[in-house]
Amino acid sequence: MNKLMRVAKHEFLVTAANKAFVVITIIGPLLLGAVTILPGLLASDPRTMQGKARIAVVGGDENFRNALSSSLADRHIDLVDEADLASAKEAVASGGATGALVVPPDWTNAKTFRFYSRTGTEIVTIDALRDAIGGLVVPDRLKSAGLDPVLVGELTARPDLEIARLDAVTGEKAPESAFLAALFTGISFTMLIYMTVLLYGQMIGRSVVMEKTSKTVEIMLSSVTPGDLMFGKILGMGCAGLLQYAIWIAVGALVIGVIGPVAKLPVPATLTVGNLIFLAFAFIGAFFLYSSAYAAIGSAADDEHHLGQLSYPLILCLMLPLLFISPIIMNPSSGFALFLSFFPMTSPIVMLLRIMIEPPPAWEIALSAAILVATIAVMVKLAAKIFRVGILMSGKRFSLGEIVRWARY
Amino acid sequence: MVEVKNVSKSFQSITAVSDLSFSATGGEIFGLIGPNGAGKSTTIRMIMNILAPDSGTIFYSGTRMTEADKDRIGYLPEERGLPKKLVLMDALTYFASLKGAEGPVVRRRIEGLLERFGLAAWKKRKILELSKGMAQKAQFILAIAHDPDILVFDEPFSGLDPVSSDLMLEVILELGRAGKTILFSTHVMEQAERICSRILLIDRGREVVSGSIPEVKGKYGKRSVLLEFEGDGDFIARLPCVSRAVAYPSQVEAELADGFQADDLLRAVLGRVSVSRFELMQPSLHKIFVDLVGASGEVSGE
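Remarks on the overall build of chain B
Then, number 1: Tallying secondary structure elements over chain B gives 9 helices and 14 strands in all.
Then, number 2: Each principal axis of the C-alpha atoms in chain B carries an extent, and together these give about 75 × 45 × 35 Å.
Then, number 3: Within chain B, buried positions represent 49% of all 302 residues.
Then, number 4: In chain B, the proportion of contacts linking residues at least 24 apart, taken out of those at least 6 apart, comes to 67%.
Then, number 5: Counting only carbon and sulfur atoms, one obtains 50% of the accessible surface of chain B, whose full area is about 13800 Å².
Then, number 6: Seen as two clouds, the 37 positive and the 40 negative side-chain charges of chain B have centres 5 Å apart.

Side note on the interface of chain A and chain B
Then, number 1: Counting from both sides, the interface comprises 19 residues of chain A and, opposite them, 27 residues of chain B.
Then, number 2: Of the roughly 2000 Å² buried at the junction of chain A and chain B (both faces included), carbon and sulfur atoms supply 60%.
Then, number 3: Per-residue buried area on chain A facing chain B is highest for A:Arg6, A:Glu218 and A:Ile219; these three make up 29% of the total on that side.
Then, number 4: For the interface between chain A and chain B, the tally reads 3 salt bridges.
Then, number 5: A salt bridge links A:Glu218 to B:Arg45; the shortest N-O distance between them is 2.7 Å.
Then, number 6: At the boundary of chain A with chain B, the tally comes to 9 residue pairs in polar contact (both at pLDDT 80 or more).

Things to note about helix H5 (residues 162-177) of chain B
Residues and elements named next belong to chain B.
Then, number 1: Here H5 spans 22 Å end to end across 16 residues, near enough to the 22 Å set by a 1.5 Å rise per residue.
Then, number 2: What H5 keeps buried is the set Ser164, Ser165, Met168, Leu169, Val171, Ile172, Leu175 and Gly176. Summarising the axial view, the buried residues of H5 lie within an arc of 165°, below the 170-degree limit, and thus occupy one face. Residues of H5 that are exposed and point more than 90 degrees away from the buried face comprise Pro162, Val163 and Arg177.
Then, number 3: One side-chain oxygen of the residue at the start of H5 lies 3.0 Å from the amide nitrogen of valine 163, identifying that residue as aspartate 161.

Notes on the side chain of A:Ser311
Then, number 1: Within the secondary structure, A:Ser311 sits in the loop between helix H11 (304-310) and helix H12 (312-323).
Then, number 2: For A:Ser311, the residues in contact, after removing those within four places along its chain, are A:Gln202, A:Tyr294 and A:Ile297.

Description of the confidence of the model for chain A
Then, number 1: Looking at chain A as a whole, the pLDDT averages 83, with 91% of positions reaching at least 70.
Then, number 2: For chain A, per-element mean pLDDT is lowest for strand S6 (residues 173-175) of chain A, which scores 49, and highest for helix H1 (residues 3-16) of chain A, which scores 91.

Regarding the environment of B:Arg223
Residue and element names in this part refer to chain B.
Then, number 1: Within the element layout of this structure, arginine 223 appears in the loop between helix H7 (213-219) and strand S11 (224-230).
Then, number 2: Expressed as a C-alpha distance, the spacing of arginine 223 and aspartate 258, which sit 35 residues apart in the sequence, is 9.1 Å.
Then, number 3: With residues up to four places along the chain from it excluded, the contact list for arginine 223 reads Ala254, Glu255, Leu256, Ala257, Asp258, Gly259, Phe260, Gln261 and Met281.

Comments concerning the pattern of salt bridges
Then, number 1: Scanning all chains against the criterion turns up 23 salt bridges over all chains.
Then, number 2: A salt bridge links A:Arg6 to B:Glu102, with the nearest nitrogen and oxygen atoms 3.1 Å apart. One end of the pair, A:Arg6, is in helix H1; the other, B:Glu102, is in the loop between helix H2 (88-98) and helix H3 (104-116), on a second chain.
Then, number 3: The buried category is assigned to A:Arg6, whose relative accessible area is 11%.
Then, number 4: Connected through shared salt-bridge partners, A:Glu11, A:Glu211 and A:Lys233 make up one network.

Some words on the packing of helix H14 (residues 335-342) of chain A against helix H15 (residues 347-357) of chain A
Residues and elements named next belong to chain A.
Then, number 1: Running from amino to carboxyl end, H14 crosses H15 at an angle of 130°, the nearest separation of the two axes being 6 Å. Overall, the two elements H14 and H15 adopt an arrangement that is oblique. On H15, the residues that touch Ala337, Leu338, Leu340, Ser341 and Phe342 of H14 are Ser347, Val350, Met351 and Arg354.
Then, number 2: Of the residues contributing to the contact of H14 with H15, the split by class is 6 nonpolar, 2 polar and 1 charged.

Concerning the pairing of strand S10 (residues 206-212) of chain B
Then, number 1: Where strand S9 (residues 198-203) of chain B meets S10(B), 6 bridges bridge the pair, whose relative direction is antiparallel. The partner of B:Arg198 across the bridge, within S10(B), is B:Ser212.

Describing a positive patch on the surface
Then, number 1: Taken together, A:Lys19, A:Arg206, B:Lys85 and B:Lys126 make up a surface patch of like positive charges.
Then, number 2: Within the secondary structure, A:Lys19 sits in helix H2 (residues 19-44).
Then, number 3: A:Lys19 sits in the exposed class, given a relative accessible area of 72%.

Brief notes about the pairing of strand S7 (residues 150-154) of chain B
Successive residues of a regular strand alternate their side chains across the two faces of the sheet.
Residue and element names in this part refer to chain B.
Then, number 1: Buried residues dominate S7, accounting for 5 of its 5 residues.
Then, number 2: Residues Ile150, Val152 and Asp154 line one face of S7 and the alternating positions Leu151 and Phe153 line the opposite face, and both faces are buried.
Then, number 3: In the sheet, strand S6 (residues 73-76) pairs with S7 via 4 bridges, with the strands oriented parallel. For leucine 76, the partnering residue across the bridge sits in S7 and is phenylalanine 153.
Then, number 4: With 5 bridges connecting them, S7 and strand S8 (residues 181-186) associate as parallel partners. Pairing of valine 152 across the sheet is with leucine 183, part of S8.

Examining the nonpolar core
Then, number 1: Counting 160 residues, the largest nonpolar core has A:Ile193, A:Tyr290, B:Phe22, B:Phe140, B:Phe153 and B:Leu285 as its most contacted members.
Then, number 2: Take this core: its biggest share by element is 15 residues, from helix H10 (residues 273-300) of chain A.
Then, number 3: Non-local contacts of A:Tyr290, meaning those with residues more than four positions away in its chain, are made with A:Val197, A:Leu314, A:Cys317, A:Leu318 and A:Met345.
Then, number 4: In terms of nonpolar packing, the next biggest core, distinct from the first, is built from 16 residues, A:Leu68, A:Leu72, A:Ile77 and A:Leu129 among them.

Structural notes on the confidence of the model for chain B
Residue and element names in this part refer to chain B.
Then, number 1: In this model, chain B carries a mean pLDDT of 87, and residues with pLDDT of at least 70 account for 97%.
Then, number 2: Every residue in residues 297-302 is under pLDDT 50, and counting partners more than four places away or in other chains gives 14 contacts.
Then, number 3: With a pTM of 0.73, the predicted complex shows an ipTM of 0.78.

Points about the domain arrangement of chain A
Then, number 1: The domain architecture assigned to chain A consists of domain 1 (2-41 + 176-408) and domain 2 (50-156).
Then, number 2: Centre-to-centre separation of domain 1 of chain A and domain 2 of chain A, based on C-alpha positions: 54 Å.

A short note on the packing of H15(A) against helix H16 (residues 362-390) of chain A
In a packed pair of helices, the relevant descriptors are the angle between the two axes and the axis-to-axis distance.
Residues and elements named next belong to chain A.
Then, number 1: Interhelical geometry of H15 versus H16 gives an angle of 170° and a closest axis separation of 11 Å. Here H15 lies roughly antiparallel to H16, going by the angle between them. Of the two possible hands of crossing, H15 and H16 adopt the one that is left-handed. Judged by residue contacts, Ser347, Pro348, Met351, Arg354 and Ile355 of H15 engage Glu364, Ile365, Ser368 and Leu372 from H16.

A word on the sheet that holds strand S3 (residues 29-33) of chain B
The strands making up a sheet associate through backbone hydrogen bonding, with each pair oriented either parallel or antiparallel.
Residue and element names in this part refer to chain B.
Then, number 1: Strands sit in the order S6-S7-S8-S3-S9-S10 across an open sheet of 6 strands; the sheet is mixed. Each of the sheet's edge strands pairs with one partner strand only, and the pair in question is S6 and S10. On average, each strand axis in the sheet is inclined to that of its neighbour by 15°, with strand direction left out of account.

Rules used in this analysis
- Residues numbered from 1 in each chain as written.
- Chains lettered and ligands numbered in written order.
- Predicted model: local features only at pLDDT ≥ 70, side-chain atom pairs only at ≥ 80, totals over all residues.
- Heavy atoms only, no water.
- Helix = DSSP H or I, 4+ residues; strand = E, 2+ residues; numbered from the N terminus.
- Buried < 20%, exposed > 50% of the residue type's maximum accessible area, 1.4 Å probe, protein only.
- Contact = heavy atoms within 4.5 Å.
- Areas by Shrake-Rupley, 256 points an atom, 1.4 Å probe, with all protein chains shown as cover.
- Lys, Arg positive; Asp, Glu negative; His and termini not counted.
- Charge placed at Lys NZ, Arg CZ, Asp CG, Glu CD.
- Buried area = accessible area lost by both parts, 1.4 Å probe.
- Salt bridge = Lys/Arg side-chain N within 4 Å of Asp/Glu carboxyl O.
- Polar contact = N/O pair within 3.5 Å; in protein donor to acceptor, adjacent residues only side chain to side chain.
- Expected span 1.5 Å × (residues − 1).
- Arc of directions from axis to C-beta.
- pLDDT = per-residue confidence, 0-100.
- Axes fitted to C-alpha atoms, helices over the stretch in contact; angles between N-to-C directions.
- Parallel < 35°, antiparallel > 145°, perpendicular 65-115°, else oblique.
- Nonpolar A, V, L, I, M, F, W, Y, C, P; charged D, E, K, R; others polar.
- Pairing = 2+ DSSP bridges.
- Patch = residues over 30% accessible without salt bridge, like charges linked within 9 Å, V, L, I, M, F, W, Y side chains within 5 Å.
- Core = buried A, V, L, I, M, F, W, Y, C linked by side-chain atoms within 4.5 Å.
- Domains from an automatic or database assignment.
- Left-handed = near helix turned anticlockwise from the far one by under 90°.

Put into structure tokens, the structure is as follows:
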């Protein structure tokens, strides 16, 4: 085993044993699930998030109460009769009921019903009540006006607008509740790359600064070249990152392929194993670019605080796709999205978003990848030069401009 | 064997090392001596191939140094530092592996050294739990764990208690007897005088004097006299034949003024005090160091 691989192996083991690594490995799929699957789950069955509700009813005749009770039965809402408002309010206050509904005496012609609630935020219950009351009162009014409620319902129903997405590969129409699903998946993918690249970048930067401040670097350099030290770190942590993505892809495949269909989870169309693999590639690209930059500024930084200051421009570049995620997803072929998908500091994430929403022509993907690889090559070379100079410098806070000039030595 | 030939190194406008040459052979303990900032560490970093010289060449066993030669050197840097979060044994085996030394033999060697330095009970502990003295010893073990031919010790004894310091000295002398080339840098002259077979004194990156300890002392002659006496010896320091003196109640270390001999001093004191010991002394390395370097005002404490 050569020295580069020895350093890489050591860094891999140290990183994979790190608490942050374990936490992020677990949080990753949870975040992905929470952002992509959960909204679908909530939309399809709101009661997933809510138990049975009990509503105290004051006033109204027997017919109204029975009709209301039966129409609310399948919405998991029970009605309880209360003699007067005071006792109803007390039931709400004591937690015996979720809320209290006051039925006006002339309920057929009433403009408003009143609902007393402890929090006012039981949106699902309130919606169900509103629907049920409307469903009773309006047909009653139509009948008294001599109209057929069924006929009126049919005549006033608006035609639905069905949104279909033209799939570029098969040319077939794919049913689409798409924008939200794509937005959620896009946000979660972007977040994952942002989190991991930032985490590993800063880990590398910090590890270099710590070796510098603890003077370990002197011993390291008496055994290995600065290049081996830097690439060993990048490679070792990169492999730890890839291991993490491999775990995520495996978990993702399990959820999409096995657990999803069995548990009938609403897995969005954009969350596919193929996209997860693209995600891993985007990570590799972004990781090598940012980690070599972090290694360079880590070698030049005087302490962790200084490293933090020097890394602001990097964090800003990393955040750009996150800031503009909405316009990019709404219009993935706009000039702006196009630019960000070629600009190497943002291209891994933005190209991934474009691929997920509307696969661009292959040449665009190839060009974006080529620009990224070329930039990585240049960045790595610059970083190695800066690293060689910076790693032996201490006691002074150099500015970013001074540090970049070291690359000329 | 390590040979440094006409090596120079500058940082921007500062010349750190200028046209320096010396060589150290197997079995010898070679002292690189000089005040702080003299260029010792820069020289050592060039020997370690951490810095490249601007001009000049460094040879290992007669051939130009390459990156691969790093495996043959053990290095104890002046500024100590170990990865604090690693377990002691893991750190030692990792650093040995970076020198190409792996396997059970290396592990046994490391365990033997830990035992010898009283760190055996700490091998499973993290380095941050070690006391400063323990960490020093651990770093020394790290330098010699891969059994290198050439050892570079930069201020090895600084901050050690006498017992640990003696133990380390014992091991260093053993390594010398085993034929290793040992390069030893210090600004503590008493240590250099006790340990080194040859020295090179540098100041501001240049050679001031070099050679074996007797040679160096010989160059600066026997111009000091140790005088033990009974009686009031206050006048001795003021004698015209004495240029400088360190006076104690019954003892004086006197340096003879130019143009005077030891006899002149003896004649001057006879009859005024009762002399019990009169000895021509070689100056200590410390004194030579202060005389040669002190004038430049560059000597400073640690």
